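Residue strings, one per chain:
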Amino acid sequence: MIEEEYFEDEEIDESEFYAIRPNKTQIKKQIASIFAMAEQICELTPAQIAEFSLPERIEQALLDAGKMGRNAARKRLMKYITAQFRTLDVEAIEEKLARMKNKSAHAVREHHQAERWRDQLLADTDNHQLTLFMTEYPEADSQHIRQLQRNGQKEAKEGKPPKSSRLLYKYLKELIADQQVFPSDTAEDDDLIDEDDSEL
């Protein structure tokens, strides 16, 4: 069984997680936080998990946990992963996960924005929406968009496959993605500027 591969040469004792120490409450909160983080990571794709550059044994455990159902074996494996994470630079892992989630959130917003603009452009008959789009994205190729817009409207009218609609969405999404700046990156730059100013 999968869990036996991890525990055949070591025992995970509950006392390791909840041993009586000077600041027991804080330790329990820390472990719970790491456990929750491990849960989020094991739900990622194999390619995303690989980006953390974790030791092979831990990475494989995360992959295995992601394939398991919500049962006792998985819980035991997650405890093992949590214990292993505590031997690593947890803050670096948390920062990497936060950046990954932030990037995913931006990707979702970009997807919805591109869909909305595509639908508005395809429904547009007097170029009003195209004018609005060009105002917001002046670097866009208006002729290219207009051609895809007309072709997409024609395909919809004739009941043909929405090839131009898909191409329009792809182009719009690229434009929107190029214009996005992650707030976290901006905040970090601001912090650096503030630090520099304070030294003047």
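Residues numbered from 1 in each chain as written. Predicted model: local features only at pLDDT ≥ 70, side-chain atom pairs only at ≥ 80, totals over all residues. Heavy atoms only, no water.

Chemist: How would you summarise the side chain of E155 if you had to cite specific residues and measurements?
Modeler: Structurally, the position occupied by E155 is in helix α9 (residues 142-158). K163 is the oppositely charged side chain nearest to the buried, salt-bridge-free E155, at an N-O distance of 7.0 Å. A distance of 3.2 Å separates the side chain of E155 from the backbone nitrogen of K163, its partner in a polar contact. Not counting residues within four places of it along the chain, the set of residues in contact with E155 comprises K160, P161, P162, K163, S164 and S165. (Helix = DSSP H or I, 4+ residues; strand = E, 2+ residues; numbered from the N terminus. Buried < 20%, exposed > 50% of the residue type's maximum accessible area, 1.4 Å probe, protein only. Lys, Arg positive; Asp, Glu negative; His and termini not counted. Salt bridge = Lys/Arg side-chain N within 4 Å of Asp/Glu carboxyl O. Polar contact = N/O pair within 3.5 Å; in protein donor to acceptor, adjacent residues only side chain to side chain. Contact = heavy atoms within 4.5 Å.)

Chemist: Which residues make up the packing of helix α3 (residues 24-42) against helix α6 (residues 72-85), and what values go with them?
Modeler: In the contact formed by α3 and α6, the axes pass within 9 Å of each other and the chain directions differ by 115°. Comparing the axis directions of α3 and α6 gives the class roughly perpendicular. α3 and α6 meet at a crossing whose hand is right-handed. Side by side, α3 and α6 meet where I31, I34, F35, M37, A38, E39, I41 and C42 of the first sit next to R74, K75, M78, K79, I81, T82 and F85 of the second. Across the contact of α3 with α6, the residue classes tally to 10 nonpolar, one polar and four charged. (Axes fitted to C-alpha atoms, helices over the stretch in contact; angles between N-to-C directions. Parallel < 35°, antiparallel > 145°, perpendicular 65-115°, else oblique. Left-handed = near helix turned anticlockwise from the far one by under 90°. Nonpolar A, V, L, I, M, F, W, Y, C, P; charged D, E, K, R; others polar.)

Chemist: Please give an account of the environment of N151 that cites residues and values.
Modeler: Mapped onto the fold, N151 is located in helix α9. For N151 and P162, which are 11 residues apart along the polypeptide, the C-alpha to C-alpha distance reads 9.0 Å.

Chemist: A description of the nonpolar core should follow, citing residues and the corresponding values.
Modeler: Residues M37, I41, L62, I81 and F85 are the most contacted members of the largest nonpolar core, which totals 24 residues. For this core, the secondary structure elements donating two or more residues are α3, α5 (56-67), α6 and α7 (90-123). I41 has contacts with I49, F52, L62, F85, I93 and L97, leaving out every residue within four places of it along the chain. Counting 16 residues, the second-largest nonpolar core is a separate cluster that includes F133, Y137, L168 and Y169. (Core = buried A, V, L, I, M, F, W, Y, C linked by side-chain atoms within 4.5 Å.)

Chemist: Any chance you could break down the packing of aromatic side chains for me, citing the residues and the numbers?
Modeler: Inspection of every chain in the model, using the stated rule, returns two aromatic pairs. Between W117 and F133 the ring centres are 5.0 Å apart and the planes differ by 80°, which places this aromatic pair in the edge-to-face class. Taken together, the residues W117 in helix α7 and F133 in helix α8 (residues 128-136) connect sequence positions 16 residues apart. Seen in terms of ring centroids, F133 and Y137 are 4.7 Å apart; in terms of plane orientation they differ by 25°. Their pairing is stacked. Per residue, the accessibility class of F133 equals that of Y137, and both read buried. (Phe/Tyr/Trp six-rings, centres within 6.5 Å; stacked < 30°, edge-to-face > 60°.)

Chemist: Summarise helix α10 (residues 163-179); cite the residues concerned and give the values.
Modeler: Helical geometry note: an α-helix holds 3.6 residues per turn, so side chains three or four residues apart project in the same direction. The first and last C-alpha atoms of α10 sit 25 Å apart over 17 residues, in line with the 24 Å expected at 1.5 Å per residue. Along α10, the residues classified as buried are S164, S165, L168, Y169, Y171, L172, L175 and I176. At its buried positions, α10 is contacted by α7, α8 and α9. (Expected span 1.5 Å × (residues − 1).)

Chemist: Before we move on, could you go through the pattern of salt bridges and cite the residues and values that matter?
Modeler: In the structure shown here, the tally under the stated rule is eight salt bridges. Between E39 and R74 there is a salt bridge; the shortest N-O distance is 2.9 Å. Here the residue E39 occupies a position in helix α3, and R74 occupies one in helix α6, the gap between them amounting to 35 residues. Accessibility classification places E39 together with R74 in one group, the buried group. Several salt bridges converge on common partners, so that one network encompasses E39, E43, R70 and R74.

Chemist: Go over the confidence of the model for the chain with me, naming the residues and quoting the values.
Modeler: Do not read the predicted coordinates in detail wherever pLDDT is low. In this model, the chain carries an average pLDDT of 82, and 78% of its residues clear a pLDDT of 70 or more. With pLDDT under 50 throughout, residues 181-200 is counted as low confidence; its partners more than four residues away or in other chains account for 11 contacts. (pLDDT = per-residue confidence, 0-100.)

Chemist: Describe unusual backbone geometry, listing the residues and the values that go with them.
Modeler: Despite not being glycine, S53 has its phi angle at roughly 55°, a positive value. Along the polypeptide, S53 turns up in the loop between α4 (46-50) and α5. The exposed category is assigned to S53, whose relative accessible area is 64%. Unusually for a residue other than glycine, N127 sits at a positive phi of about 65°. Mapped onto the elements, N127 comes out in the loop between α7 and α8. With relative accessibility at 32%, the residue N127 sits in the partly exposed group.

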